[in-house]
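Here are the chains, one letter per residue:
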Amino acid sequence: MIIYTSDDIKMPCFPKRKISLWIKRIAEKQAKRVGEVSYIFCSDRKILEINKSYLNHDYYTDIITFDYTADTLISGDIFISVDTVRSNAVNYGVVFENELFRVIIHGILHLCGIDDKAPGARVVMEKYEDEALQILKEIGIVLQ
């Protein structure tokens, strides 16, 4: 089950059923099944608080993923700062929704075991993100 909630901000508008279907397809491509995944959309203030409290990091980020995956059943809490996603979209010259979808799938890829911190791993993560974004078209979402 995939749940979408917000904490201290307005929930971003996107087709949740189609995105849930997309997430399940991406997990299947990684030989995983979706268990309990919660997306919590929040502000920069909230994500900084989480980063400090749980990870001892004193900086803003677009996403924090808490992984509760067991074997092939992915589960976790995925916090996404809508403020940072919005500013990243401007900085990268992309539409907000496109950046939001990239970050949404980034969290799932982490739950599937794909790392982005080791040397060269970021390039691999971006490849998987790009492939996942192409699959959006199959479920009727066209990136702008």
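Residue positions within a chain follow its written sequence, with the count starting from 1. Only residues with pLDDT of at least 70 get local features here, since the model is predicted, and only at 80 or more are side-chain atom pairs given and counted; chain-wide, interface and lining totals rely on the full set of residues. Side-chain measures here rest on the full set of heavy atoms in the structure, leaving out hydrogens and waters.

**Student:** I'd like to hear about the overall build of the protein, residue by residue, with values.
**Tutor:** Strands are runs of DSSP state E lasting at least two residues, helices are runs of H or I lasting at least four, and both sets are numbered from the N terminus onward. Along its length, the protein carries five helices and four strands. On C-alpha atoms alone, the protein measures out to a radius of gyration of 14 Å, which is about the 15 Å that the 2.2 N^0.38 rule sets for 144 residues. Each principal axis of the C-alpha distribution contributes one length, and for the protein these read about 35 × 35 × 30 Å. Taking all 144 residues of the protein together, 47% fall into the buried category. By definition, residues are in contact when any of their heavy atoms lie within 4.5 Å. In the protein, the share of contacts with a sequence separation of at least 24, taken over all contacts with a separation of at least 6, comes to 64%. In the structure as shown, the protein presents an accessible area of about 7,800 Å², 52% of it carried by carbon and sulfur atoms. Both charge centroids of the protein, one from 18 positive and one from 21 negative side chains, sit 6 Å from each other. The globule rule used for comparison is 2.2 Å times the number of residues to the exponent 0.38, while the radius of gyration itself is calculated over C-alpha atoms. The buried label goes to any residue with under 20% of its type's maximum accessible area, the exposed label to any with over 50%, and the partly exposed label to all in between, with areas taken from a 1.4 Å probe on protein chains only. To be clear on the numbers: accessible area is Shrake-Rupley with a 1.4 Å probe, and residue cover counts the displayed protein chains and nothing else. His is not counted, nor are the chain ends; Lys and Arg add positive charge and Asp and Glu add negative charge. Note that the charge is assigned to NZ on lysines, CZ on arginines, CG on aspartates and CD on glutamates.

**Student:** How would you explain the nonpolar core if you had to name every residue and give the values?
**Tutor:** Remark: nonpolar core denotes a set of buried residues (Ala, Val, Leu, Ile, Met, Phe, Trp, Tyr, Cys) joined through side-chain atoms within 4.5 Å. Counting residues in hydrophobic clusters, the biggest one holds 36 residues, and the most contacted among them are Ile-19, Trp-22, Ile-23, Tyr-39, Ile-80, Ile-104 and Ile-108. Counting residues per element, the ones that place at least two in this core are β1 (2–7), α1 (16–29), β2 (33–42), β4 (73–81), α3 (82–92), α4 (96–111) and α5 (121–135). With nine residues, the top contributor of residues to this core is α4. Filtering out sequence-adjacent residues up to four positions away, Ile-19 remains in contact with Tyr-4, Phe-14, Phe-101, Ile-104, Leu-136 and Ile-141. Ile-40, Cys-42, Ile-50 and Phe-79 belong to the second largest nonpolar core, which has seven residues in total.

**Student:** Go over the packing of α1 against α5 with me, naming the residues and quoting the values.
**Tutor:** Throughout, an axis means a line fitted to C-alpha atoms (over the contacting stretch in the case of helices), and angles, computed between N-to-C directions, take values from 0 to 180 degrees. Running from N to C, α1 and α5 point in directions that differ by 130°, and their axes come no closer than 10 Å. Considered as vectors, α1 and α5 are oriented oblique to each other. In the packing of α1 onto α5, the handedness of the crossing is right-handed. For the pair formed by α1 and α5, the contact residues are Trp-22, Arg-25, Ile-26 and Lys-29 on the first element and Ala-132, Leu-133 and Ile-135 on the second. Note on terminology: angles under 35 degrees are roughly parallel, angles over 145 are roughly antiparallel, angles of 65 to 115 are roughly perpendicular, and the others are oblique. Handedness of each helix crossing follows the sense of rotation of the near helix against the far helix: counterclockwise by less than a right angle gives left-handed, clockwise gives right-handed.

**Student:** Please provide a residue-by-residue account of the environment of Ile-105, values included.
**Tutor:** Checked against the element boundaries, Ile-105 lands in helix α4. For the pair formed by Ile-105 and Thr-72, sequence separation is 33 residues and the distance between their alpha carbons is 17 Å. Setting aside residues no more than four positions away along its own chain, Ile-105 makes contact with Trp-22, Ile-23, Ile-26, Glu-129 and Ala-132.

**Student:** Could you give me a rundown of the environment of Ile-104, with the residues and numbers involved?
**Tutor:** Within the secondary structure, Ile-104 sits in helix α4. Take Ile-104: its relative accessible area is 0%, and that puts it in the buried class. Linking Ile-104 and Ile-19, residues 85 residues apart in sequence, is a C-alpha distance of 8.9 Å. With sequence-adjacent residues up to four places away left out, Ile-104 is seen in contact with Phe-14, Ile-19, Trp-22, Ile-23, Tyr-39, Phe-41 and Ile-80.

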